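# Coordinate inspection notes
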Amino acid sequence: MTPRLSERGAALLTVLMLVAVMATIAASALDRLTVATRLAANSAIVSQGRLWLGLAEQLAAVRLEDLAAAEPARTVGGPWLGQIREIRLPDGGLLRAEVRDGGNCFNLNGLARSQPDGSAIADPTAVQQFADLLLLLSVDAGRATGIAAAAGDWVDSDLSPLPGGNEETGSRGAWAPANAPFADVGELGAVSGVTPDLLTLVSPFLCALPEQAPAGLNPNTLLPEQAPLLAMLAPQQIGLAQARQLIAGRPPGGYTSTVDFWRASGIGANALPSQAAEQVRLRSRWFELRAEVSQSGQTLASTTLLDLREPRARIVRRRYGEL
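Residues numbered from 1 in each chain as written. Predicted model: local features only at pLDDT ≥ 70, side-chain atom pairs only at ≥ 80, totals over all residues. Heavy atoms only, no water.

## Here we look at the overall build of the protein chain
The cut-off we apply is this: Comment: elements are numbered from the N terminus, with helices defined as DSSP H or I runs of at least four residues and strands as E runs of at least two. Per-residue accessibility, obtained with a 1.4 Å probe over protein chains only, is compared with the maximum for each type, and a residue is labelled buried under 20%, exposed over 50%, and partly exposed between these values.
Each helix and strand in the protein chain was counted, giving eight helices and nine strands. Across the 323 residues that make up the protein chain, the buried fraction comes to 40%.

Encoded structure:
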């Protein structure tokens, strides 16, 4: 029996619909396969990139250990400091690495001092230093004082606000102080009074070291742009211009003692606050490695903090990020 014309049309339409559905399923499967392939390739690139960044860490550690062994009493700047080194990789990629003295900064966690019972009490001297640093960066005096006090309240462990501080909410009323050490400089953005613009301004001078004590500034490794850190120690006695001059005019082999440094500054160490005098140290402990690897159109970056208190460099913190 010959099918009617309408029946043949319906059958054809059904076949076409099945073909369309199958084509859609096939396209979807192919798309998922493509995505899965790309994800697998990206994962492989990231894994390889982390291996190269690990190599940069090893090279930096060996270099720092050699420097410490050559001159145990002090750390002197040189070609290794603040200069970007590039290494061409066998797979056609490029590894860039830069080592800086990681202690030449204001340690946000030094705003409080650890106590024997495990608590932390805000350090008024450190809070004033932070306010002075903000002033040197042209932040309004009232605002600088308030931010420094709020940062001190953020890191201490009590619930009593400092004069001008804040123990209740953060800069936009959304964050209460952590009453714990800063995990990262970026966390300062949640402190009362800190805006994104101010955080960008002050971040290059800050760090969040894993200790609640002031960072030791090394005049032999300070970079010219870090002059505000030196002036911060005694802003009434060391101006920005003088701080820059002390960095630019240091002896070719570096200062041989802190006494020589203070003599060059024209300020007697006895005329300074005791904490400021103690913060100038010629032996550096903390170092920061900034590295990035570019390969196959992707760039993976890392920031590593190394501790050179012992003869061997120890990695204490590592953070990755894609550029």
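## Here we look at the nonpolar core
Put simply, the test is: By nonpolar core is meant a set of buried Ala, Val, Leu, Ile, Met, Phe, Trp, Tyr and Cys residues that side-chain atoms within 4.5 Å join together. Here a residue-residue contact requires only that any non-hydrogen atoms of the pair lie within 4.5 Å.
Core analysis: the biggest nonpolar cluster contains 52 residues, and Phe 106, Leu 111, Phe 130, Leu 133, Leu 188 and Leu 206 have the highest contact counts within it. If you list the elements that add at least two residues to this core, you get helix H2 (124-136), helix H3 (141-155), helix H4 (196-202), helix H5 (227-233), helix H6 (240-248) and helix H7 (258-265). Of all the elements, H3 adds the most residues to this core, at seven residues. Ignoring anything within four residues of it in the chain, the contact list for Leu 206 reads Cys 105, Phe 106, Leu 108, Phe 130, Leu 133, Val 185 and Leu 188. Counting residues in each nonpolar core, the second largest holds 22 residues, with Leu 64, Val 293, Leu 308 and Ala 313 among its members.

## Section: a nonpolar patch on the surface
Short version of the rule: Patch construction takes residues with relative accessible area above 30% that form no salt bridge. Like charges are linked within 9 Å, and nonpolar side chains (Val, Leu, Ile, Met, Phe, Trp, Tyr) are linked within 5 Å. For the accessible areas, the method is Shrake-Rupley and the probe is 1.4 Å, while residue cover comes only from the protein chains on display. One speaks of a salt bridge when a side-chain nitrogen belonging to Lys or Arg is within 4 Å of a carboxyl oxygen belonging to Asp or Glu.
Side chains of Leu 55, Leu 59 and Ile 87 sit close together on the surface and give an oily, nonpolar patch of about 220 Å² of accessible area. Structurally, the position occupied by Leu 55 is in helix H1 (residues 5-70).

## Comments concerning the packing of H2 against H3
Which entries qualify depends on this criterion: Orientation is described by lines fitted to C-alpha atoms, with helices fitted over the stretch in contact, and by angles between N-to-C directions that extend from 0 to 180 degrees. For classification, angles of less than 35 degrees are called roughly parallel, those exceeding 145 degrees roughly antiparallel, those between 65 and 115 degrees roughly perpendicular, and all remaining angles oblique. The sense of a crossing depends on the near helix, which, turned anticlockwise from the far helix by less than a right angle, makes the crossing left-handed and, turned clockwise, makes it right-handed. Three categories are distinguished: nonpolar for Ala, Val, Leu, Ile, Met, Phe, Trp, Tyr, Cys and Pro, charged for Asp, Glu, Lys and Arg, and polar for the others, with Gly belonging to the last.
Direction vectors running N to C along H2 and H3 enclose 140 degrees, while the axes themselves pass 8 Å from each other. The angle between the axes of H2 and H3 places the two elements in the oblique class. Judged by the sense of rotation from one axis to the other, the crossing of H2 with H3 is right-handed. In this structure, H2 contributes Val 127, Phe 130, Ala 131, Leu 134 and Leu 135 to the contact, and H3 contributes Ala 141, Ala 144, Thr 145, Ile 147, Ala 148, Ala 149, Ala 151 and Gly 152. Here the contact of H2 with H3 is composed, by residue class, of 11 nonpolar, two polar and no charged.

## Let's talk about the pairing of strand S2 (residues 94-101)
Cut-off, in case you're wondering: Pairing between strands requires that DSSP locate at least two bridges from one strand to the other.
With six of eight residues buried, S2 is to be regarded as a mostly interior element. Where strand S1 (residues 85-88) and S2 come together, four bridges link them in antiparallel fashion. Considered in S2, the bridge of Glu 86 is made with Arg 96. Two successive antiparallel strands, S1 and S2, enclose a turn made up of five residues, where Gly 92 displays a positive phi of approximately 90 degrees. Strand direction decides the pairing type here: S2 and strand S7 (residues 286-295), joined by eight bridges, are antiparallel. Along S7, the bridge assignment pairs Ala 97 with Ala 291.

## Considerations on the state of the cysteines
Covalent bonding between the sulfur atoms of two cysteines is what defines a disulfide. Selection criterion: Throughout, disulfides are identified as pairs of cysteine sulfur atoms within 2.5 Å of each other.
Within this structure, the stated rule accounts for one disulfide. Across the disulfide from Cys 105 sits Cys 207; the S-S distance is 2.1 Å. With the S-S dihedral at roughly 70 degrees, the linkage between Cys 105 and Cys 207 falls on the right-handed side. Here Cys 207 lies in strand S6 (residues 206-207) and Cys 105 lies in the loop between S2 and strand S3 (106-107), a separation of 102 residues in the sequence.

## Thoughts on unusual backbone geometry
Unusually for a residue other than glycine, Ser 138 sits at a positive phi of about 70 degrees. Turning to its location among the elements, Ser 138 is positioned in the loop between H2 and H3.

## Considerations on H6
For the record, the criterion: The directions from the helix axis to the C-beta atoms are what the arc is built from.
Buried within H6 we find Ala 243, Leu 246 and Ile 247. Taken down its axis, H6 places every buried residue within 100 degrees of arc, on the same side. Exposed residues pointing more than 90 degrees away from the buried face of H6 are listed as Ala 241, Gln 245 and Ala 248. The elements touched by buried residues of H6 are H5 and H7.

## Brief notes about the pairing of strand S8 (residues 298-307)
Extensive coverage of S8 is indicated by the burial of seven of its 10 residues. By the bridge criterion, 10 bridges tie S7 to S8 in an arrangement that is antiparallel. Bridging across to S8, Phe 287 finds its partner in Leu 306. Following S7, the chain reverses through two residues before pairing antiparallel with S8; Ser 296 in that reversal takes a positive phi of roughly 55 degrees.

## Here we look at H3
Every α-helix carries 3.6 residues per turn, so stepping three or four residues along brings you back to the same face. Which entries qualify depends on this criterion: The span expected for a helix works out to 1.5 Å for each residue beyond the first. Pairing of N or O atoms within 3.5 Å defines a polar contact, subject to two protein rules: one partner must be a possible hydrogen donor and the other a possible acceptor, and residues neighboring in sequence count only if both atoms are side-chain atoms.
The end-to-end C-alpha distance of H3 is 22 Å, a good match for the 21 Å that 15 residues give at a rise of 1.5 Å each. Restricting attention to buried positions, one finds in H3 the residues Ala 144, Ile 147, Ala 148, Ala 149, Ala 150, Ala 151, Gly 152, Asp 153, Trp 154 and Val 155. Where H3 starts, the residue carrying a side-chain oxygen 3.1 Å from the main-chain nitrogen of Gly 142 turns out to be Asp 140.

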